[in-house]
Amino acid sequence: MPVRQLPETVVNRIAAGEVVERPASVVKELVENALDAGASRIDVFTDGGGRRRIGITDDGGGMTKADLALAVERHATSKLDDEDLLSIRTLGFRGEALPSIGSVARLSITTRHAGEPHAWALSVEGGAKSPLAPAALSHGTRVEVSDLFYATPARLKFLKTDRTEAEAIREVVRRLAMARPDVAFTLAGEERAPVTWTAALPGAAGRLTRLGDILGADFRKSAIEVGAERDGVVVEGLAGAPSLTRANALGQYLFVNGRPVRDKLIVGAVRAAYADYLPRDRHPVLALFVTLDPREVDANVHPAKTEVRFRDAGLVRALIVHALKDGLAREGKRSAAASVDGATLAALRPGFVPAPRAVDWDWRRSPAAPPMSFTASPSPAMAGFAERAQPRFDIGAPSADVRSFAPPPADEQERPLGAARTQIHGTYIVSQTRDGLVIIDQHAAHERLVYEKLKASMEQNGVERQMLLIPEIVELDEATVERLLSRAAELDRFGLAIESFGPGAVAVREVPALLGKSNAGAMLRDLAEHMAEWDEALPLERRLLHVAATMACHGSVRAGRVLKPEEMNALLREMEATPNSGQCNHGRPTYVELTLADIEKLFGRR
């Protein structure tokens with residue numbers, strides 16, 4: 001078969017296969033055009049998941065008659081002042097969107113420029129362009145796309161259900177709305193109730209308002225402002241506290257020079273920054289905005305412009321990790337699940353109806369009965385009313401001392417975690433603050449304290465060791481022994497010295513002094529399980545921190561240990577002085593705060 005030049009309609013349909021993957025792709029390209037035109041309000045309407053109709057209306061600058069005639073031609077654009085593709089400052093620049101859409105659907109454009117006496121309209125059906133005609137429109141541009149893929153019916157088979165396509169459109173608009181909080185967006189369609197995001201004020205406050213409207217009130221309440229700058233690269237944004245997590249990374253958004261992009265760079269950077277706060281199967285919610293010289297990033301690596309390539313990806317990753325770590329450390333106390341949400345409060349309220357009062361109810365058993373004290377020798381007048389002393393119930397020893405000891409000093413109640421008042425179930429410490437109470441998980445809290453001490457010791461002068469008078473022999477299967485011995489050098493950095501003791505056994509000669517009396521066998525088994533999940537690509541620093549976390553878990557105060565008031569208060573004061581004490585090493589909260597207002601809600605006082 002000889003080589004031949006393809007017709008223009010076929011070329012446009014091939015291009016449409018790259019640019020127009022689904023209805024959401026059409027919405028993305030048209031909304032980006034509206035943003036590049038300087039629109040301050042954009043309305044999006046869809047029908048049939050965008051398959052039957054897509055309508056985009058904006059109040060931007062509009063196009064002149066000559067520009068409109070040229071806009072639907074292939075590779076015609078107003079976004080590039082010159083041919084420099086290394087300095088792209090707009091969302092669109094390829095000049096492929098409108099001709100590609102017009103080649104596979106029915107496209108109608110109505111626009112009015114401030115310099116034109118009236119609006120102009122143009123339509124394209126299956127690649128065939130109609131003549132320009134006068135139209136009625138006050139200002140801006142209105143673009144309508146109907147019967148998507150009618151010219152290429154085979155593409156229709158690859159579309160999902162209307163609801164799925166509508167959700168994809170919603171996600172595209174959400175991302176663009178997050179990138180531009182200064183622009184008002186309205187999204188409507190038969191698949192959903194209309195939603196409007198009003199324009200927000202510029203700056204961090206406006207960004208928080210827009211992100212809170214899109215990501216929810218929980219994100220607005222727990223968002224932590226982050227930022228870092230180096231060598232002309234600026235990273236800023238809002239990151240959710242570790243108490244707000246999801247089962248996947250879909251709640252992580254990255255914007256580069258105002259462009260929503262998907263990049264594996266952010267997944268690894270976020271995982272590294274949150275490693276000390278979250279379990280491995282949980283992911284935080286955040287939105288990060290990277291601003292840098294357009295020449296330092298290549299936006300022309302994907303036809304849909306959803307991916308970018310950084311000239312110095314290592315610098316961007318380091319800045320993201322640095323910004324997140326600084327923000328989390330700065331807001332460490334607030335990053336915990338420090339308050340009780342509405343759902344939890346509702347669960348605490350009694351949901352039962354009191355049973356009807358029994359007819360033979362004895363008033364003397366009521367807690368409200370007045371005290372009646374009788375002397376050892378009652379008077380004759382009272383003799384008839386006296387009853388024999390009841391035997392005392394044998395309730396056994398209490399699990400913890402729940403008596404309220406001496407009132408705490410006023411200054412301790414002013415502390416963030418208050419003054420310890422009691423311990424319940426040998427696990428939880430209840431402390432009193434000026435405006436509420438705090439419940440602390442003693443094991444999780446002490447686990448974080450030991451972990452931070454291990455990290456600090458390793459960074460300064462090494463972990464203090466305690467040599468065992470008699471080495472402890474731990475029997476394990478041979479595969480586990482080999483795994484532990486292969487990492488013996490890493491364990492030794494934390495003061496855990498092990499050596500082979502024949503097949504299927506390990507001798508523990510030294511342990512970290514911070515751990516005190518710990519079960520070496522259980523600790524080694526946990527370490528071996530974690531090591532089985534490692535690979536050589538995991539940085540040494542992350543492997544060492546995993547070791548420290550496992551050791552801290554085994555060296556902390558266990559649940560069930562009764563603490564004295566002095567010990568409880570000492571734990572609280574140490575928590576206040578330790579960074580990241582809001583979560584344990586596994587990402588669980590170490591304390592929960594219940595304000596006086598929350599308590600009053602429980603009892604119907606508010």
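In this report, we go over the structure that sits alongside the text. (Residues numbered from 1 in each chain as written. Predicted model: local features only at pLDDT ≥ 70, side-chain atom pairs only at ≥ 80, totals over all residues. Heavy atoms only, no water.)

Description of the overall build of the protein
Reasoning step 1: Counting secondary structure elements, the protein contains 20 helices and 25 strands.
Reasoning step 2: Within the protein, contacts between residues separated by at least 24 positions form 69% of all contacts whose residues are at least 6 apart in sequence.
Reasoning step 3: Of the roughly 31,800 Å² of accessible surface on the protein, 54% is carried by carbon and sulfur atoms. (Helix = DSSP H or I, 4+ residues; strand = E, 2+ residues; numbered from the N terminus. Contact = heavy atoms within 4.5 Å. Areas by Shrake-Rupley, 256 points an atom, 1.4 Å probe, with all protein chains shown as cover.)

What about the pattern of salt bridges?
Two side chains with opposite charge may pair up if their charged atoms get near one another.
Reasoning step 1: In this structure the tally under the stated criterion is 21 salt bridges.
Reasoning step 2: A salt bridge links Asp 43 to Arg 41; its shortest N-O distance comes to 3.4 Å.
Reasoning step 3: A relative accessible area of 36% places Arg 41 in the partly exposed class.
Reasoning step 4: Measuring nitrogen to oxygen at the nearest pair gives 2.6 Å for the salt bridge that ties Arg 51 to Asp 162. In this pair, Arg 51 sits in the loop between β1 (41-47) and β2 (53-58) while Asp 162 sits in helix α6 (residues 162-179), placing the two residues 111 residues apart along the sequence.
Reasoning step 5: What emerges from the salt-bridge pattern is a single network uniting Arg 53, Arg 142 and Glu 144. (Salt bridge = Lys/Arg side-chain N within 4 Å of Asp/Glu carboxyl O. Buried < 20%, exposed > 50% of the residue type's maximum accessible area, 1.4 Å probe, protein only.)

Quick notes on the sheet that holds strand β21 (residues 436-441)
Reasoning step 1: The strand order across the open sheet built from four strands is β19-β20-β21-β25, with neighbouring strands paired in antiparallel fashion. This sheet does not close on itself; its edge strands, each paired only once, are β19 (419-424) and β25 (591-595). For this sheet, the mean angle separating the axes of adjacent strands, direction not counted, is 25°.
Reasoning step 2: Here six bridges tie strand β20 (residues 428-433) to β21, and the two strands are oriented antiparallel to one another. Residue pairing for β21: Ile 429 is matched across the bridge by Ile 440.
Reasoning step 3: Along the sheet, helix α19 (residues 565-577) contacts β19, β20, β21 and β25; its crossing angle with β19, the most-contacted strand, is approximately 120°. (Pairing = 2+ DSSP bridges. Axes fitted to C-alpha atoms, helices over the stretch in contact; angles between N-to-C directions.)

Some words on the packing of α6 against helix α7 (residues 204-215)
Reasoning step 1: In the contact formed by α6 and α7, the axes pass within 9 Å of each other and the chain directions differ by 165°. As judged from the angle between their axes, α6 and α7 are roughly antiparallel. Where α6 crosses over α7, the two elements pack in a sense that is left-handed. Residue-level contacts link Arg 174, Ala 177 and Met 178 of α6 to Arg 210, Leu 211, Ile 214 and Leu 215 of α7.
Reasoning step 2: Grouping the amino acids of the contact of α6 with α7 by side-chain chemistry returns five nonpolar, no polar and two charged. (Parallel < 35°, antiparallel > 145°, perpendicular 65-115°, else oblique. Left-handed = near helix turned anticlockwise from the far one by under 90°. Nonpolar A, V, L, I, M, F, W, Y, C, P; charged D, E, K, R; others polar.)

Re the sheet that holds strand β14 (residues 259-261)
Reasoning step 1: Pairing within the open sheet is mixed, and its five strands lie in the order β10-β11-β16-β13-β14. Looking at strand neighbours, the two that pair on one side only are β10 (223-230) and β14, the edges of this open sheet. Pairs of neighbouring strands in the sheet enclose a mean axial angle of 20°, with direction left out of account.
Reasoning step 2: Alignment of β10 against strand β11 (residues 233-240), held across eight bridges, turns out to be antiparallel. In the strand pairing of β11, Glu 225 is matched with Leu 238.
Reasoning step 3: Lying on the sheet, α6 is in contact with β13 (252-256), β14 and β16 (286-291); it crosses β13 at an angle near 55°.
Reasoning step 4: This element, helix α9 (residues 264-273), spans β13 and β16 of the sheet and lies at about 125° to β13.

Examining α19
Count 3.6 residues to each turn of an α-helix, and residues three or four apart come out pointing the same way.
Reasoning step 1: Across its 13 residues, α19 extends 19 Å between first and last C-alpha, which sits within 8% of the 18 Å expected from 1.5 Å per residue.
Reasoning step 2: Three or more residues of α19 are buried, namely Met 568, Asn 569, Leu 571, Leu 572, Arg 573, Met 575 and Glu 576. (Expected span 1.5 Å × (residues − 1).)

Notes on the packing of aromatic side chains
The description of two aromatic rings rests on the distance between their centres and on the angle between their planes.
Reasoning step 1: One pass over the full model with this rule turns up two aromatic pairs.
Reasoning step 2: Seen in terms of ring centroids, Phe 255 and Phe 289 are 4.7 Å apart; in terms of plane orientation they differ by 10°. Their pairing is stacked. Taken together, the residues Phe 255 in strand β13 and Phe 289 in strand β16 connect sequence positions 34 residues apart. Residue Phe 255 shares its accessibility class with Phe 289, and that shared class is buried.
Reasoning step 3: Measuring from centroid to centroid gives 6.4 Å for Tyr 274 and Tyr 277, while their planes differ by 70°, and the two rings are edge-to-face.
Reasoning step 4: Between Arg 106 and the ring centre of Tyr 150, over which it is positioned, the NZ or CZ distance is 4.0 Å. (Phe/Tyr/Trp six-rings, centres within 6.5 Å; stacked < 30°, edge-to-face > 60°. Lys NZ or Arg CZ within 6 Å of the ring centre and 35° of its normal.)

Some words on the packing of α9 against helix α10 (residues 313-330)
Reasoning step 1: Two numbers describe how α9 lies on α10: the axes approach to 9 Å, and their chain directions differ by 35°. Viewed along their axes, α9 and α10 form a crossing whose handedness is right-handed. Packed against α9, whose contacting residues are Leu 265, Gly 268, Ala 269, Val 270, Ala 272 and Ala 273, the element α10 presents Ala 313, Val 316, Arg 317, Ile 320, Val 321, Leu 324, Lys 325 and Leu 328 at the interface.

Re the nonpolar core
Soluble globular proteins tend to bury their nonpolar side chains together.
Reasoning step 1: With 58 residues, the main nonpolar core has Val 31, Ile 42, Leu 107, Val 145 and Phe 185 as its most contacted residues.
Reasoning step 2: Ranked by the residues each element gives to this core, the list is headed by α6, at eight residues.
Reasoning step 3: If near-sequence neighbours (up to four positions away) are discounted, Val 31 is found in contact with Ile 42, Val 44, Ile 56, Leu 176 and Phe 185.
Reasoning step 4: One finds Val 226, Val 235, Val 297 and Phe 310 within the second-largest nonpolar core, a separate group that totals 35 residues. (Core = buried A, V, L, I, M, F, W, Y, C linked by side-chain atoms within 4.5 Å.)

Some words on the environment of Gly 48
Reasoning step 1: Within the secondary structure, Gly 48 is located in the loop between β1 and β2.
Reasoning step 2: On the basis of relative accessible area, Gly 48 is assigned to the buried category, the value being 1%.
Reasoning step 3: When the C-alpha positions of Gly 48 and Pro 23 are compared, they lie 9.9 Å apart, and in sequence the two are 25 residues distant.

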